Amino acid sequence: MGLNLNVNIDKASGFCFGVVYAIDMAEDILDREPYLYCLGDIVHNDEEVLRLKQKGLRIIDHSELANLKNEKVLIRAHGEAPSTYELALNNNLTLIDASCPVVLKLQNRIKGSYDDQEQILIFGKHGHAEVIGLQGQTDGQAIVFQDIAELDELELPSKFTLYSQTTKSVDKFYAIKEELISRGYEVKANDTICRQVSNRYEELERFVENYEKIVFVSGKKSSNGKVLYDVCKKYNPNAYFISKVEELNPAWFSANDRVGICGATSTPMWLMEDVKAVLEAY
Ligand code: SF4
């Protein structure tokens, strides 16, 4: 006898507009041309990357970019540091710039602060492409930290401007701001967190409370996937993280369970629909 699961997908889950924009741009070109280079994973979702690779997308890293000449290269939503644009100019590369407008605006603000000789701190993940692009606006001068404990090791200026990577948690950002102020620093804090991610918290809270079980679908490399999964877990402890349908396990479910499927801003809707079909067949 089947499990007879009652499965629903969260309508607010799926790509944010920055990712939609980049993928649309890539597909538009791939409809006309046999291949397109893309600097880094176009989206932090292996399944979607595989789908686009099959259409001709060629993912390259920065060292491969340095050896590429006279080609067309897509810049993904995370944006890039100025050095990438210089390299493209030197190598006669045509950049198709799909940097998300939210990230571009943040890059400009950080550049403005740097030009005004402010000391800059960025709350963000070390080595993350967006953060590298942000730090690049300051010639590498901005201090990047992902945990306030890292700042204990450093001698900070008495006054600085604080920014955040777009996908960080709003709560953590404000907690850090308050902590730094309480330590006596003069902090000019700019909440530059993308609302496409942070608005999802409340929507997700409400969504996950309606189900016995939650299946959260996201690539393992997605920063906002991790943050949003933590939100799911907090409001529904029976939440499972998967990256692909093969990771589903029937043992997680009981007969007649109501199951909610949700995902990150980098999770394609088609993948959540595939998950739904598998669950309904149990
Ligand atoms: S999460 Fe926000 S900043 Fe990041 S790509 Fe999507 S819309 Fe742009």
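Worth saying up front: this structure is predicted, and the values here are computed from it rather than measured.

## With respect to the overall build of the protein chain
Helix and strand counts for the protein chain stand at 11 helices and 12 strands. A compact globule built from 282 residues should have a C-alpha radius of gyration of about 19 Å, and the protein chain, at 21 Å, falls within 12% of that. In terms of principal-axis extent, the alpha carbons of the protein chain reach across some 70 × 55 × 25 Å. Looking at the protein chain as a whole, 50% of its 282 residues are labelled buried. With an accessible surface of roughly 13600 Å², the protein chain has 48% of that area assigned to carbon and sulfur atoms.

## A short note on the pattern of salt bridges
Within the structure shown, the criterion is met by 18 salt bridges. One salt bridge connects K55 with E27, and the closest N-O pair in it is separated by 2.9 Å. Taken together, the residues span a long stretch of sequence, with K55 in the loop between helix 2 (46-54) and strand 3 (57-60) and E27 in helix 1 (residues 17-30) at a distance of 28 residues. A relative accessible area of 34% places K55 in the partly exposed class.

## Section: the packing of aromatic side chains
The description of an aromatic ring pair rests on the distance of the ring centres and on the angle between the ring planes. Following the criterion strictly, the structure yields 12 aromatic pairs and no others. Pairing F160 with Y185 gives two aromatic rings, centres 5.4 Å apart and planes at 50 degrees, and the pair type is tilted. You can see F160 sitting in strand 8 (residues 159-164) and its partner Y185 sitting in the loop between helix 8 (170-182) and strand 9 (186-189), a full 25 residues away along the chain. Among the residues examined, Y185 registers a relative accessible area of 22% and is labelled partly exposed. Members of the aromatic cluster, each reached through a chain of ring pairs, are Y240, W252, F253 and Y282. Above the face of the Y35 ring, R58 is positioned so that its terminal group lies 3.8 Å from the ring centre.

## Some points on helix 5 (residues 101-115)
Helical geometry note: an α-helix holds 3.6 residues per turn, so side chains three or four residues apart project in the same direction. Given a rise of 1.5 Å per residue, 15 residues ought to cover 21 Å, and the 21 Å separating the end C-alpha atoms of helix 5 matches this to within 8%. Listed as buried for helix 5 are V103, L106, Q107, I110 and S113. Seen end-on, helix 5 carries its buried residues on one side only, within an arc spanning 125 degrees. Turned more than 90 degrees away from the buried face of helix 5, the exposed residues are K105 and N108. Contacts made by the buried residues of helix 5 are with strand 6 (120-123), helix 6 (129-136) and strand 8. A positive phi of about 60 degrees marks Q117, the residue just after helix 5.

## A few points about the sheet that holds strand 12 (residues 258-263)
With respect to topology, 4 strands assemble into an open sheet ordered 1-12-10-11, the strand pairing being parallel. With one partner strand each, in any of the chains shown, strand 1 (6-9) and strand 11 (239-242) form the two edges of the open sheet. Sheet twist, expressed as the mean angle between neighbouring strand axes with direction ignored, is 20 degrees. Direction of pairing for strand 10 (residues 213-217) relative to strand 11: parallel, over a ladder of 4 bridges. Following the sheet pairing, F216 is matched in strand 11 by F241.

## Considerations on the nonpolar core
Grouped together as the largest cluster of nonpolar side chains are 29 residues, with contacts concentrated most on L180, L204, I214, F216, C232 and C262. When sequence neighbours within four positions are dropped, the list of residues in contact with L180 reads I148, L151, L156, F160, Y185 and V187. With 17 residues, the next largest nonpolar core counts C38, V43, V49 and A98 among its residues.

## Describing the site of the ligand
All residues adjacent to the ligand are C16, F17, G18, A77, C100, V102, V103, T166, C194, Q196 and V197. Of all the secondary-structure elements, those providing two or more residues to the shell around the ligand are helix 1, helix 5 and helix 9 (195-208).

## Re the sheet that holds strand 7 (residues 143-145)
Sheets are built from strands paired through backbone hydrogen bonds, the pairs being either parallel or antiparallel. The 4 strands are arranged 7-6-8-9 in an open sheet whose pairing can be described as parallel. Unpaired on one side and paired on the other, strand 7 and strand 9 mark the two borders of the sheet. Geometrically, the sheet is characterised by an average inter-axis angle of 30 degrees between neighbouring strands, direction not taken into account. In the sheet, strand 6 pairs with strand 8 via 4 bridges, with the strands oriented parallel. The residue bridging I122 from the neighbouring strand is Y163, located in strand 8. Where helix 5 meets the sheet, it contacts strand 6 and strand 8, and its direction lies at approximately 170 degrees from that of strand 8.

Calculation rules
Residues numbered from 1 in each chain as written. Predicted model: local features only at pLDDT ≥ 70, side-chain atom pairs only at ≥ 80, totals over all residues. Heavy atoms only, no water. Helix = DSSP H or I, 4+ residues; strand = E, 2+ residues; numbered from the N terminus. Rg over C-alpha atoms; globule rule 2.2 N^0.38 Å. Buried < 20%, exposed > 50% of the residue type's maximum accessible area, 1.4 Å probe, protein only. Areas by Shrake-Rupley, 256 points an atom, 1.4 Å probe, with all protein chains shown as cover. Salt bridge = Lys/Arg side-chain N within 4 Å of Asp/Glu carboxyl O. Phe/Tyr/Trp six-rings, centres within 6.5 Å; stacked < 30°, edge-to-face > 60°. Lys NZ or Arg CZ within 6 Å of the ring centre and 35° of its normal. Expected span 1.5 Å × (residues − 1). Arc of directions from axis to C-beta. Contact = heavy atoms within 4.5 Å. Pairing = 2+ DSSP bridges. Axes fitted to C-alpha atoms, helices over the stretch in contact; angles between N-to-C directions. Core = buried A, V, L, I, M, F, W, Y, C linked by side-chain atoms within 4.5 Å. Near = heavy atom within 4 Å.

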